[in-house]
Amino acid sequence: MNNGSFTASLIHRDSPISPLYNPKNTYFDRLQSSFHRSISRANRFTPNSVSAAKTLEYDIIPGGGEYFMRISIGTPPIEVLVIADTGSDLIWVQCQPCQECYKQKSPIFNPKQSSTYRRVLCETRYCNALNSDMRACSAHGFFKACGYSYSYGDHSFTMGYLATERFIIGSTNNSIQELAFGCGNSNGGNFDEVGSGIVGLGGGSLSLISQLGTKIDNKFSYCLVPILEKSNFSLGKIVFGDNSFISGSDTYVSTPLVSKEPETFYYLTLEAISVGNERLAYENSRNDGNVEKGNIIIDSGTTLTFLDSKLYNKLELVLEKAVEGERVSDPNGIFSICFRDKIGIELPIITVHFTDADVELKPINTFAKAEEDLLCFTMIPSNGIAIFGNLAQMNFLVGYDLDKNCVSFMPTDCSGHS
């Protein structure tokens, strides 16, 4: 790959330029759907198996909590739309022949029509990168092909064969890569018909990030555009490589990544949250007084932020005092903290204190209009895994440096950044 930039667009599923956009749905219909998807998405974070400067850049397309990327696969190349997912590793698309495929508007990839498609053999490094309960070997002519089986906590699944293929991600020759991926013949669950599969951006060895590795200097970043009540035709960006990383500015802060299992997820350490000047410390069951390291994951595909319930309960009490407005119940039962939306209502700045990094969130990151006259706090309690979601990340350039093991945040107008 030549030195230079490697960029792709990120398209939010609820953007007017998304193929999933339905003009008959109101802004609030789309928002409510994204909240429900976010809660379902949180279940995905327990994957189950069923059996020289080099920079790449793309647009990101948002979708239902998810963001889509356009990629091309095969020779000749076939364009498909896939979910960009920092919460999973495997790259996969639906493939013919379909034993069980969910409905897909675009043509399903046919490996027989590509001259660069190659099945992966058993006992090779790509096959061995799958967990033992995710792979199976089957006779295919004179050799054994590597089958895979992968499912998620929300009961979505994909099964097929591991293969290598030519991918084009972005619009330059720098973006042409040979990658291992899952060619899925049986796929189902909570997938939209415009999407063809998933590009895993997690930390596991089969993810796009890990496979590109030193080609992108183990760095990538993204900038997520807010989805507003008025039409939003802006694209976010995801950038791979040295030029993706935040530098030359005194407005960015960095926090360490913590190594934990499963290696798929990007773990950060949340030490406290402040509402205005009132700081609320994270509490856990450790007896030494120190905060548990890696107590929250950062994910671009989860809409809401999920917090440890003990911290959330303290936060709820402080927020009620800080917001001078009428506290009301959420008729949809999703949010615990909502206020009547009236002219002049002032919402506080909320600061998330990660280790070595104080990230100041504006109201657009922490409150959303759940109804015409209803403002709700978009962090909710969790007794499971804590997640720093994409509403909290919007209008930040978020950079991952996997050599230095850190994530950086820089306030950015992502609409202008695109």
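Keep in mind that what you see is a predicted model, and the values were worked out from it rather than measured.

Engineer: Explain the pairing of strand S17 (residues 278-281) to me, please; I cannot follow it from the model alone.
Structural biologist: Regular strands have side chains that alternate between both faces of the sheet. In this sheet, S17 lies alongside strand S16 (residues 270-275) in antiparallel orientation, the contact comprising four bridges. Note on S17: the bridge partner recorded for Val-275 is Glu-278.

Engineer: Even after reading the chapter, I still don't get the pattern of salt bridges, so can you show me in this structure?
Structural biologist: Where charged atoms from two side chains of opposite charge come close, those side chains can pair. What the rule picks out here adds up to eleven salt bridges. Among the salt bridges present, the one from Lys-369 reaches Glu-372, with a minimum N-O distance of 3.8 Å. A cluster of three or more residues bridged by salt bridges with shared partners is formed by Lys-103, Lys-105 and Glu-193.

Engineer: I keep staring at the confidence of the model for the protein chain and nothing clicks. Help me out?
Structural biologist: Detailed reading of the predicted model is not advised wherever pLDDT is low. Chain-level statistics for the protein chain give a pLDDT mean of 83 and a share of 78% at 70 or above. Here residues 46-54 is modelled with pLDDT under 50, and outside its nearest four sequence neighbours on either side it reaches 37 contacts, counting other chains as well.

Engineer: Is there a simple way to think about the side chain of Thr-164 in this case?
Structural biologist: Among the structural elements, Thr-164 can be located in strand S9 (residues 157-168). For Thr-164, a relative accessible area of 12% puts it in the buried group.

Engineer: I keep staring at the environment of Asn-110 and nothing clicks. Help me out?
Structural biologist: In this fold, Asn-110 is placed in the loop between strand S5 (92-94) and strand S6 (118-119). Placed 16 residues apart in sequence, Asn-110 and Gln-94 show a C-alpha to C-alpha distance of 8.9 Å.

Engineer: For this particular structure, what's the right way to read the sheet that holds strand S24 (residues 367-371)?
Structural biologist: Overall, antiparallel pairing links the four strands, which are arranged S20-S21-S25-S24 in an open sheet. Of all the strands in the sheet, the pair left with one neighbour each is strand S20 (327-328) and S24. In the sheet, strand S21 (residues 338-340) pairs with strand S25 (residues 374-377) via three bridges, with the strands oriented antiparallel. Paired with Arg-340 across the two strands is Leu-374, which belongs to S25. Against the sheet, helix H4 (residues 309-322) contacts S20, S21, S24 and S25, and its axis sits at roughly 145° relative to S25.

Engineer: Would you mind going over the packing of aromatic side chains with me for this structure?
Structural biologist: For any pair of aromatic rings, geometry is given as the distance between the ring centres together with the angle between the planes. Applying the stated criterion across every chain, the model contains 16 aromatic pairs. Between the aromatic rings of Phe-167 and Phe-181, the centroid separation amounts to 5.4 Å while the plane-to-plane angle is 75°, which identifies the pairing as edge-to-face. On the criterion of sequence distance, the pair formed by Phe-167 in strand S9 and Phe-181 in strand S10 (residues 176-188) is long-range, its members being 14 residues apart. Of the two residues, Phe-167 and Phe-181, both sit in the buried class. Measuring from centroid to centroid gives 4.4 Å for Phe-220 and Tyr-400, while their planes differ by 10°, and the two rings are stacked. With a gap of 180 residues between them, Phe-220 in strand S12 (residues 219-223) and Tyr-400 in strand S28 (residues 396-401) connect regions that are remote in the sequence. As far as the burial class goes, Phe-220 and Tyr-400 line up, both buried. Feature note: the residues Phe-220, Tyr-222, Phe-240, Tyr-266 and Tyr-400 constitute an aromatic cluster, connected by ring pairs. Taking the ring centre of Tyr-161 as reference, the NZ or CZ of Arg-119 above it sits at 3.6 Å. Above the plane of the ring of Tyr-126 lies Arg-125, whose end atom (NZ or CZ) is 4.3 Å from the centre.

Engineer: Got a minute to help me understand the state of the cysteines in this structure?
Structural biologist: Each disulfide is one covalent bond, formed between the sulfur atoms of two cysteines. Tallied over the full model, the rule gives six disulfides. Across a sulfur-sulfur distance of 2.2 Å, Cys-127 and Cys-146 are joined as a disulfide pair. Given an S-S torsion of about 85°, the disulfide between Cys-127 and Cys-146 has right-handed geometry. Separated by 19 residues along the polypeptide, Cys-127 in helix H2 (residues 125-129) and Cys-146 in strand S8 (residues 143-151) bring together distant segments of the chain. For the pair formed by Cys-127 and Cys-146, the shared burial category is buried. Between the sulfur atoms of Cys-338 and its disulfide partner Cys-376 the distance amounts to 2.0 Å. Torsion about the S-S bond of the Cys-338 and Cys-376 cystine: about 100°, corresponding to right-handed handedness. With a gap of 38 residues between them, Cys-338 in strand S21 and Cys-376 in strand S25 connect regions that are remote in the sequence. The residues Cys-338 and Cys-376 share a single accessibility class, namely buried. Here the protein chain pairs its bonded cysteines, counted in sequence order, in the arrangement 1-8, 2-3, 4-6, 5-7, 9-12, 10-11.

Engineer: Would you mind showing me how to read the sheet that holds strand S22 (residues 350-354) here?
Structural biologist: Backbone-to-backbone hydrogen bonds pair the strands of a sheet. The strands run either parallel or antiparallel. The antiparallel open sheet is built from four strands, whose spatial order is S17-S16-S22-S23. Of all the strands in the sheet, just S17 and strand S23 (357-361) have a single pairing partner and so form its edges. Ignoring strand direction, the axes of neighbouring strands in this sheet form an average angle of 20°.

Analysis parameters
- Residues numbered from 1 in each chain as written.
- Predicted model: local features only at pLDDT ≥ 70, side-chain atom pairs only at ≥ 80, totals over all residues.
- Heavy atoms only, no water.
- Pairing = 2+ DSSP bridges.
- Helix = DSSP H or I, 4+ residues; strand = E, 2+ residues; numbered from the N terminus.
- Salt bridge = Lys/Arg side-chain N within 4 Å of Asp/Glu carboxyl O.
- pLDDT = per-residue confidence, 0-100.
- Contact = heavy atoms within 4.5 Å.
- Buried < 20%, exposed > 50% of the residue type's maximum accessible area, 1.4 Å probe, protein only.
- Axes fitted to C-alpha atoms, helices over the stretch in contact; angles between N-to-C directions.
- Phe/Tyr/Trp six-rings, centres within 6.5 Å; stacked < 30°, edge-to-face > 60°.
- Lys NZ or Arg CZ within 6 Å of the ring centre and 35° of its normal.
- Disulfide = S-S within 2.5 Å.

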